[in-house]
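Chains, contacts and geometry: an overview
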Amino acid sequence: MRYISTRGQAPALNFEDVLLAGLASDGGLYVPENLPRFTQEQIASWAGLPYHELAFNVMRPFVSGSIPDADFKQILQDTYGVFEHKAVAPLRQLDSNEWVMELFHGPTLAFKDFALQLLGRLLDYFLVKRGERVVIMGATSGDTGSAAIEGCKACENVDIFIMHPHNRVSEVQRRQMTSILGDNIHNIAIEGNFDDCQEMVKASFADQGFLKGTRLVAVNSINWARIMAQIVYYFHAALQLGGPARSMAFSVPTGNFGDIFAGYLARNMGLPISQLIVATNRNDILHRFMSGNHYDKDTLHPSLSPSMDIMVSSNFERLLFDLHGRNGALVAELLDAFKISGKLSVEDDRWTEARKLFDSLAVDDEGTCATIAAVFEQCGEVLDPHTAIGVRAARECRRSLSVPMITLGTAHPVKFPDAVRQAGVGEALHLPAHLSDLFEREERMTVLPNSLADVQAFVAAHGNRGKPL
Ligand SMILES: *Cc1c(COP(=O)(O)O)cnc(C)c1O
């Protein structure tokens, strides 16, 4: 399988090089040159498979030529073997023909484990073969950091540096990062905000001289491998509920458009999906595009669903590429103009094309809490604030009551106790057994000033299993 850039200029790469590349050299994102397509018979024949075997069938075409089947099978068995629930991504019914797919049974209790547990193992696999070491630098407002650290903690050839804004992530989220101890794990608390952290990551990718030749790898959702891993659970859910003989609808709590883009790909690979709902919080740039063809940058509004607090959605570029007939020059033009004006609209027929599949809703904090309370009253389920936004959007935007509606349950409610308490159902929260001692565990982190030079000096001094590069 070869991968091409959404901006049409960078050279095509194979899977191994895409995994290690991050952004393409022309500033675009990598996508498969040709998407694999499965027949209904093929998909139907996967019914009842354990999650890791289904994952093998769905992802095999994407890694072909880069990983032998037997190795890939083993990696997937290891990856999904660490999930606490045997079904890996179980469905919980909320109402007639309405479900939540629980994607929070991984080590850090959010769906990002599905991709980052795999990413860490894939990196290790290729780096050991190549005899290379890499450095990962990432910025997090919460979920990505802990999932990336959990995913990479056992990697022989990876040093991981995760920056979070000092005193601005929840205690559960901080402890999930800082209590994972290892000489290749480095938590940096920056005296600044999340954007400061992200800017320092971007600047480090743009000028890697401080790394003395060591490669820098991206773990945010621009990394293709993350999208790829998320395609699998759409198939998994559909197969539980009578697919592919019938179609499904999904509602997806959305920030950077990674998770829902995976659903869009699942549909293009042959899974009958009749509706995808983009569910956002007040940071609603994607809702404004889907409802009115205005993808216009706004200021950031902190919310009760912080993992969806974004101003622009990095993976939206991958959808734009398809909407423009995969013409990279057109996409580059649009995004160059967006960079200057902060505004983007597409031609009417392209927008209409998107609207055949996508609907959207923005839900504010009040609506989020009301939904948590309502669902708890209806069926005793405690939803996390992100999932609650998905459920609310599912109920308001649903096109057909006879099509099963599945909301992606993106996080466990214990990660966001403030929202759950505000909704009045906080007493129903309990840490899962494997995290029950989280508040007693030893923490390790370094506080640094909001200074690129200080951060890069720290990475250079510790980037080789705690020793200088
Ligand atoms: C990351 C995250 C999201 C948003 O996912 P995207 O792929 O960025 O759209 C939603 N909910 C939770 C809990 C998350 O951690």
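Residue positions within a chain follow its written sequence, with the count starting from 1. For a predicted model such as this one, the threshold for reporting local features is a pLDDT of at least 70, and the threshold for listing and counting side-chain atom pairs is 80 or more; totals across whole chains, interfaces and linings nevertheless cover every residue. As a convention, hydrogens and water are excluded, and side-chain values are obtained from all of the structure's heavy atoms.

1. Observations regarding the overall build of the protein chain
Runs of H or I in DSSP of at least four residues are treated as helices and runs of E of at least two as strands, each being numbered from the N terminus. Per the secondary structure count, the protein chain includes 18 helices and 16 strands. For this measure, only C-alpha atoms enter the radius of gyration; the expected value for a globule follows 2.2 Å times N^0.38, where N is the number of residues. The C-alpha atoms of the protein chain give a radius of gyration of 21 Å, which matches the 23 Å a tight globule of 469 residues would have. Projecting the C-alpha coordinates of the protein chain onto the three principal axes gives extents of approximately 60 × 50 × 50 Å. For the exposure calls, accessible area comes from a 1.4 Å probe over protein chains only, and a residue counts as buried if that area is under 20% of its type's maximum, exposed if over 50%, partly exposed in between. For the protein chain, the proportion of its 469 residues judged to be buried stands at 59%. The contact criterion used is simple: two residues touch if any of their non-hydrogen atoms lie within 4.5 Å. In the protein chain, of all internal contacts separated by at least 6 residues, the share reaching a separation of at least 24 is 76%. For every accessible area listed, the method is Shrake-Rupley and the probe measures 1.4 Å; residues are considered covered only by the protein chains on display. If you sum the accessible surface of the protein chain, you get close to 17800 Å²; carbon and sulfur atoms cover 48% of it. In this tally Asp and Glu are treated as negative and Lys and Arg as positive; neither His nor the chain ends contributes. The atoms used to mark charge sites are NZ of Lys, CZ of Arg, CG of Asp and CD of Glu. With 42 positive and 55 negative side-chain charges, the protein chain shows a spacing of 3 Å between the two charge centroids.

2. What about the pattern of salt bridges?
Here, a salt bridge means any side-chain nitrogen of Lys or Arg that lies within 4 Å of a carboxyl oxygen of Asp or Glu. For the coordinates displayed, the defined rule picks out 29 salt bridges. The partner of aspartate 143 in a salt bridge is lysine 415, with the nearest N and O atoms 2.9 Å apart. Here aspartate 143, found in helix H6 (residues 143-152), pairs with lysine 415, found in the loop between strand E15 (405-409) and helix H17 (417-422); they are 272 residues apart in sequence, far enough to count as distant. On the basis of relative accessible area, aspartate 143 is assigned to the buried category, the value being 4%. On the accessibility criterion, lysine 415 (1% relative accessible area) is buried. The network of salt bridges with common partners includes Glu16, Asp17, Arg130, Glu132 and Arg215.

3. Considering the side chain of asparagine 283
Tracing the backbone shows asparagine 283 in the loop between strand E11 (273-280) and helix H11 (285-292). Only 2.8 Å separates the side chain of asparagine 283 from the backbone oxygen of histidine 301, close enough to count as a polar contact. Here aspartate 309 takes part through its side chain, which lies 3.0 Å from a polar atom of the side chain of asparagine 283. If we ignore the near neighbours within four places in the chain, the residues touching asparagine 283 are Thr299, Leu300, His301, Met308, Asp309 and Ile310. Here a polar contact is taken to be a pair of N or O atoms separated by no more than 3.5 Å, where protein atoms must pair a possible hydrogen donor with a possible acceptor and residues adjacent in sequence count only if both atoms sit in side chains.

4. Some words on the state of the cysteines
Our working definition of a disulfide is a cysteine sulfur pair at a distance within 2.5 Å. What the rule picks out here adds up to zero disulfides. Cysteine 155 provides the cysteine sulfur closest to cysteine 152, a residue in no disulfide bond, and the two sulfurs are 4.5 Å apart. On the basis of relative accessible area, cysteine 152 is assigned to the buried category, the value being 0%. Residue cysteine 379 stays outside any disulfide, its sulfur separated by 17 Å from that of cysteine 369, the closest cysteine. The class for cysteine 379 is partly exposed, based on a relative accessible area of 32%.

5. Focus on empty space enclosed by the protein
Any residue with an atom within 4 Å of a point lines the site, the site being either a cavity, points on a 1 Å grid over the protein atoms alone where a 1.4 Å probe fits but cannot get out, or a pocket, an open set with protein on both sides within 12 Å along at least 5 of 7 lines. Grid points are joined across faces, edges and corners, and a volume is the space filled by probe spheres set on the points. In the structure shown here, the tally under the stated rule is three cavities of 30 Å³ or more. Taken together, Arg92, Leu94, Val100, Glu102, Phe104, Glu381, Val382, Leu383, Asp384, Thr387 and Ala411 make up the lining of the largest cavity. Those elements that place two or more of their residues in the lining of the largest cavity are strand E4 (91-95) and strand E5 (98-102). Any residue outside Ala, Val, Leu, Ile, Met, Phe, Trp, Tyr, Cys, Pro, Asp, Glu, Lys and Arg is labelled polar, Gly included; the first ten of those are nonpolar and the last four are charged. Here the residues of the lining of the largest cavity sort into six nonpolar, one polar and four charged.

6. What to know about the layout of surface pockets
The space that makes up the second largest pocket amounts to roughly 540 Å³. Residue lining of the second largest pocket: 22 residues in total, with Ser141, Arg168, Ser303, Pro306 and Asp309 positioned closest to the centre. Among the residues making up the lining of the second largest pocket, the classes are represented as 11 nonpolar, five polar and six charged.

7. Here we look at the sheet that holds E15
Sheet strands pair via backbone hydrogen bonds, and the direction of the pair is either parallel or antiparallel. Across the sheet, which stays open at both edges, the six strands sit in the order E4-E5-E15-E10-E11-E14 with mixed pairing between neighbours. Each end of this open sheet is capped by a strand with a single partner; those strands are E4 and strand E14 (358-362). Direction aside, the axes of adjacent strands within the sheet are offset by 25° on average. Sheet strands in contact with H11 are E11 and E14, and its direction is about 130° off that of E14. In the packing of helix H16 (residues 385-397) onto the sheet, the strands contacted are E4, E5, strand E10 (248-253), E11, E14 and E15, and the crossing angle to E11 comes to about 130°. A pair of strands is treated as paired once DSSP finds two or more bridges between them. To get an axis, a line is fitted to the C-alpha atoms, and for a helix only the part in contact is used. The angle between two axes follows their N-to-C directions and goes from 0 to 180 degrees.

8. Some thoughts on the site of the ligand
Distances are taken per atom, and a residue is near a molecule or strand as soon as one of its heavy atoms is within 4 Å of it. Around the ligand lies a shell of 15 residues, among which Lys112, Asp143, Gly255, Asn256 and Asp259 are the nearest. Take glycine 255: an N or O atom from its main chain is 2.8 Å from an oxygen atom of the ligand. In the model, an oxygen atom of the ligand is placed 3.3 Å from a nitrogen or oxygen of the glycine 258 main chain. In isolation the ligand offers 390 Å² of accessible surface; the protein chains occlude 96% of this area. Tallied by class, residues from the shell around the ligand come to five nonpolar, seven polar and three charged.

9. Some thoughts on the environment of phenylalanine 316
By the secondary structure assignment, phenylalanine 316 is in helix H12 (residues 316-323). Sequence-wise, phenylalanine 316 and isoleucine 260 are 56 residues apart; in three dimensions their C-alpha atoms are separated by 9.9 Å. Here phenylalanine 316 is in contact with Asn256, Phe257, Leu286, Phe289 and Tyr295, once residues within four sequence places are set aside.

10. Let's talk about the sheet that holds strand E8 (residues 185-191)
Taken together, the five strands give an open sheet; going across it, the order is E9-E6-E7-E8-E16, and neighbouring strands pair in parallel fashion. The open sheet terminates on both sides in strands that have one partner only, identified here as strand E9 (215-217) and strand E16 (446-449). When strand polarity is set aside, the average angle formed by the axes of neighbouring strands in this sheet is 30°.

11. Thoughts on the packing of helix H10 (residues 258-268) against H12
Where H10 meets H12, the closest approach of the two axes is 10 Å, and the angle between their N-to-C directions is 35°. Of H12, the residues touching H10 (which contributes Phe261, Tyr264 and Asn268) are Arg318, Leu319 and Asp322. Here the contact of H10 with H12 is built from residues that sort into three nonpolar, one polar and two charged.

12. Topic: the UniProt feature "modified residue: N6-(pyridoxal phosphate)lysine" (unreviewed entry) in the protein chain
UniProt positions are given in the numbering used here, feature names are shortened, and annotations may be inferred rather than shown by experiment. According to UniProt, the "modified residue: N6-(pyridoxal phosphate)lysine" (unreviewed entry) feature falls on Lys112. Among the secondary structure elements, lysine 112 is positioned in helix H5 (residues 112-130). Excluding residues that lie within four positions of it along the chain, lysine 112 makes contacts with Asp143, Thr144, Ala147 and Arg226.

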